[in-house]
Amino acid sequence: MKKEEKRKEKTPSESETITTEVVYPNDTNPMGMLQGGKLIHWMDTASAVCAQTHAENIAATVSLDKVVFKHPAKIGDIITIKAKITRAFGSSMEIYTCAWARKFNIKETSLINEAYFTFVALDDNAHPITVPSVLPVTEEEQHFFEQALDRKNAKINKKDNDHI
Ligand SMILES: CC(C)(COP(=O)(O)OP(=O)(O)OC[C@H]1O[C@@H](n2cnc3c(N)ncnc32)[C@H](O)[C@@H]1OP(=O)(O)O)[C@@H](O)C(=O)NCCC(=O)NCCS
């Protein structure tokens, strides 16, 4: 199949990624609560699909910020993960990812986790390469887009100043 030429800018909804998981006993701690590491793994995978769809390239996770475990998920819960790009810079992309839990017989969902992932698109030699810009459409996308620059600058300052 012929590859299309990469576009210069794309909207967040073009790469939005939604995945569904079910919490099984192997995913939980002795109290039957979903393990944090397992949830982050699912969120990282959804975020990677989102970043790679936007970049149309392989992208590696470079950082993970503001991770908050708000509520526990339990065995049998259905977990929906949504990953959406907020902004792209040069080679890096910020993805806002949130996870929601619900019981199979209850429509109500609760937000259990949210985080900002940063991915860097890499060429075949694992060197960073430029990605398309993000064109925010909705008011919410515009809000995330503007705030992403502050988060990026804060990360650059932190990177320059310390090791952790
Ligand atoms: C991703 C990686 C290639 C970047 O290398 P680097 O030497 O920092 O590259 P650069 O300095 O050119 O930075 C590339 C981009 O990453 C961003 N970046 C680097 N460190 C960052 C950090 N800690 N947080 C956020 N962004 C960061 C830079 O700001 C730059 O963004 P821009 O191009 O949009 O301006 C390198 O850090 C790496 O290989 N990390 C390991 C990735 C990995 O193994 N992930 C887990 C498996 S997927």
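Every value quoted in this text rests on a predicted model; they were computed, and no experiment measured them. (Residues numbered from 1 in each chain as written. Predicted model: local features only at pLDDT ≥ 70, side-chain atom pairs only at ≥ 80, totals over all residues.)

1. Describing the overall build of the protein chain
Right, on to step 1. Within the protein chain one finds 2 helices and 7 strands.
Right, on to step 2. Taken over the C-alpha trace, the protein chain has a radius of gyration of 17 Å; the compact-globule value for 164 residues is 15 Å, and the two agree within 12%.
Right, on to step 3. With the C-alpha coordinates of the protein chain rotated into their principal frame, the extents come out at 45 × 45 × 35 Å.
Right, on to step 4. A total of 164 residues make up the protein chain; the buried ones form 30% of that total. (Helix = DSSP H or I, 4+ residues; strand = E, 2+ residues; numbered from the N terminus. Rg over C-alpha atoms; globule rule 2.2 N^0.38 Å. Buried ≥ 20, exposed ≤ 12 C-beta atoms within 10 Å, placed from the backbone.)

2. Some thoughts on the site of the ligand
Right, on to step 1. Taken together, the neighbourhood of the ligand is formed by 13 residues, with S63, F89, G90, S91 and S92 sitting nearest.
Right, on to step 2. Mapped onto the shell around the ligand, the elements with two or more residues apiece are β3 (59–69), β6 (110–121) and α2 (139–161).
Right, on to step 3. Tallying contributions element by element places β3 first for the shell around the ligand, with 4 residues.
Right, on to step 4. Class assignment of the residues belonging to the shell around the ligand gives a composition of 5 nonpolar, 6 polar and 2 charged. (Near = placed C-beta within 6 Å. Nonpolar A, V, L, I, M, F, W, Y, C, P; charged D, E, K, R; others polar.)

3. Some details on the sheet that holds β3
Right, on to step 1. Ordered in space as β2-β4-β5-β6-β3, the 5 strands form an open sheet in which the pairing is antiparallel. Edge positions in the open sheet fall to β2 (17–22) and β3, since each of these has one partner strand only. Averaged over all neighbouring strand pairs, the angle between strand axes comes to 25°, with direction disregarded.
Right, on to step 2. Here β2 runs beside strand β4 (residues 78–88); their pairing, made up of 6 bridges, is antiparallel. Paired with I18 across the bridge in β4 is K82.
Right, on to step 3. Sitting on the sheet, helix α1 (residues 36–55) is in contact with β2, β3, β4, β5 (92–102) and β6, with an inclination near 45° to β4. (Pairing = 2+ DSSP bridges. Axes fitted to C-alpha atoms, helices over the stretch in contact; angles between N-to-C directions. Contact = placed C-beta atoms within 7 Å.)

4. Re unusual backbone geometry
Right, on to step 1. Look at K66: it is not a glycine, yet its phi comes out positive at around 50°.
Right, on to step 2. For K66, the position within the fold is in strand β3.
Right, on to step 3. Although it is not a glycine, A126 sits at a positive phi angle of roughly 65°.
Right, on to step 4. Looking at the element boundaries, A126 is found in the loop between β6 and β7 (133–134).
Right, on to step 5. With 9 C-beta atoms packed within 10 Å, A126 lands in the exposed category.

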